[in-house]
Amino acid sequence: MTDRDVDRFGRWAPSYDRSFLQRALFGPVQDATIAAAAGHSARPRAILDVGCGTGQLLRRLAACFPAAELVGANAAAGMIEQARAAVPADLSVRFVQAFAEELPFPDSSFDLVTSTVSFHHWAEQRRGLREVRRVLTPGGLFILTDALADGWLWWIFVGGGGRFLRPGELDAMLVTEHLRFVGRSS
């Protein structure tokens, strides 16, 4: 994330959970992410959400994986502050202010790493993927959900200032960073 992105998300944090994007985009993306994680045969002992925002996905994953250690990382301090405030007292979730490109965790720490609609904000996407691979246990699952720019969407997404990739570019990047590509939903 650039400093501009971090500042923007920090300012958005207090109203983020009330945004229309929660119902229109983020909620359905989280539903798909939870379904993919629950459909995986292994039960994760530790879950990291990179670009966790206010921690909604982690709070929802807690219901599916009650024994898992839950950790969220986000570059914006305001998002981390909101995430910590939103965690119920009976739920153990840890939030860390960190960029995707510099995750402050030991190697092979997480069985499941998620990132939902934040990848296009990562300043150095390859470096962020390398960090995900480093903290992911061998055989662990990485669920990356983000918009891809293809066809006419390329012109819309590129104009929006994000780092949106075409499908082939993402596939090549995942292979280069030794992350196994499983599938894509339209």
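Residue numbers run consecutively from 1 along every chain, following the written order of its sequence. Given that the model is predicted, a residue must reach a pLDDT of at least 70 before its local features are reported, and side-chain atom pairs must reach 80 or more before they are shown or counted; all residues, however, enter totals for whole chains, interfaces and linings. Heavy atoms from the whole structure form the basis of all side-chain values; hydrogens and water molecules are not counted.

### Some remarks on the nonpolar core
Threshold: Among buried residues, the Ala, Val, Leu, Ile, Met, Phe, Trp, Tyr and Cys ones that are joined through side-chain atoms within 4.5 Å form a nonpolar core. Burial classes follow relative accessibility: with a 1.4 Å probe on protein chains only, a residue under 20% of its type's maximum area counts as buried, one over 50% as exposed, and anything between as partly exposed. Counting from the N terminus, the helices are the DSSP runs of H or I reaching at least four residues and the strands are the DSSP runs of E reaching at least two.
Ranked by internal contacts, the top residues of the largest apolar core, which has 24 residues, are Leu48, Phe105, Phe110, Val113 and Leu129. Counting only elements with at least two residues in this core, the list comes to β1 (46-50), β2 (69-74), β4 (110-116), α5 (125-135), β5 (136-145) and α7 (167-176). Among the nonpolar cores identified, the runner-up in size contains 19 residues, and Ile47, Ala62, Leu112 and Ile143 belong to it.

### Observations regarding α5
Here is the rule we go by: Throughout, the arc means the angular range of directions from the helix axis out to the C-beta atoms.
Burial in α5 covers these residues: Gln125, Gly128, Leu129, Glu131, Val132 and Val135. Each buried residue of α5 lies within a common arc of 155° when the element is viewed along its axis, so the set occupies one face.

### Description of the packing of aromatic side chains
Heads up, the condition is: Between 30 and 60 degrees the pair is tilted, below 30 it is stacked and above 60 it is edge-to-face, where a pair is any two Phe, Tyr or Trp rings, Trp via its six-membered ring, whose centres lie within 6.5 Å.
Per the counting criterion, the structure on display carries 2 aromatic pairs. Ring geometry for Phe119 against Trp122: centres 4.9 Å apart, planes inclined by 70°, an arrangement best described as edge-to-face. Grouping residues by exposure puts Phe119 and Trp122 together as buried.

### A short note on the pairing of β5
When a strand is regular, its side chains alternate between the sheet's two faces. The test is simple: The rule for pairing is simple: two strands pair if DSSP sees at least two bridges between them. Crossover handedness is defined by viewing with both strands directed away from the observer: a clockwise path from the first strand over the helix to the second marks the crossover as right-handed.
Pairing geometry for β4 and β5, over 6 bridges, is parallel. The residue of β5 that forms the bridge with Ser115 is Leu144. Following the chain from β4 across α5 to the adjacent parallel β5, one finds a crossover that is right-handed.

### What to know about the pattern of salt bridges
The condition that has to hold: A pairing counts as a salt bridge when a side-chain nitrogen of Lys or Arg comes within 4 Å of a carboxyl oxygen of Asp or Glu.
As enumerated under the stated definition, the model contains 8 salt bridges in all. The partner of Arg94 in a salt bridge is Glu69, and the shortest N-O contact between them spans 3.2 Å. A residue pair is termed long-range when its members are at least 10 positions apart, and Arg94 in strand β3 (residues 93-97) and Glu69 in strand β2 qualify at 25 residues. When its relative accessible area of 39% is taken as the criterion, Glu69 is described as partly exposed. Here the residues in one salt-bridge network are Glu102, Glu124 and Arg127, joined through shared partners.

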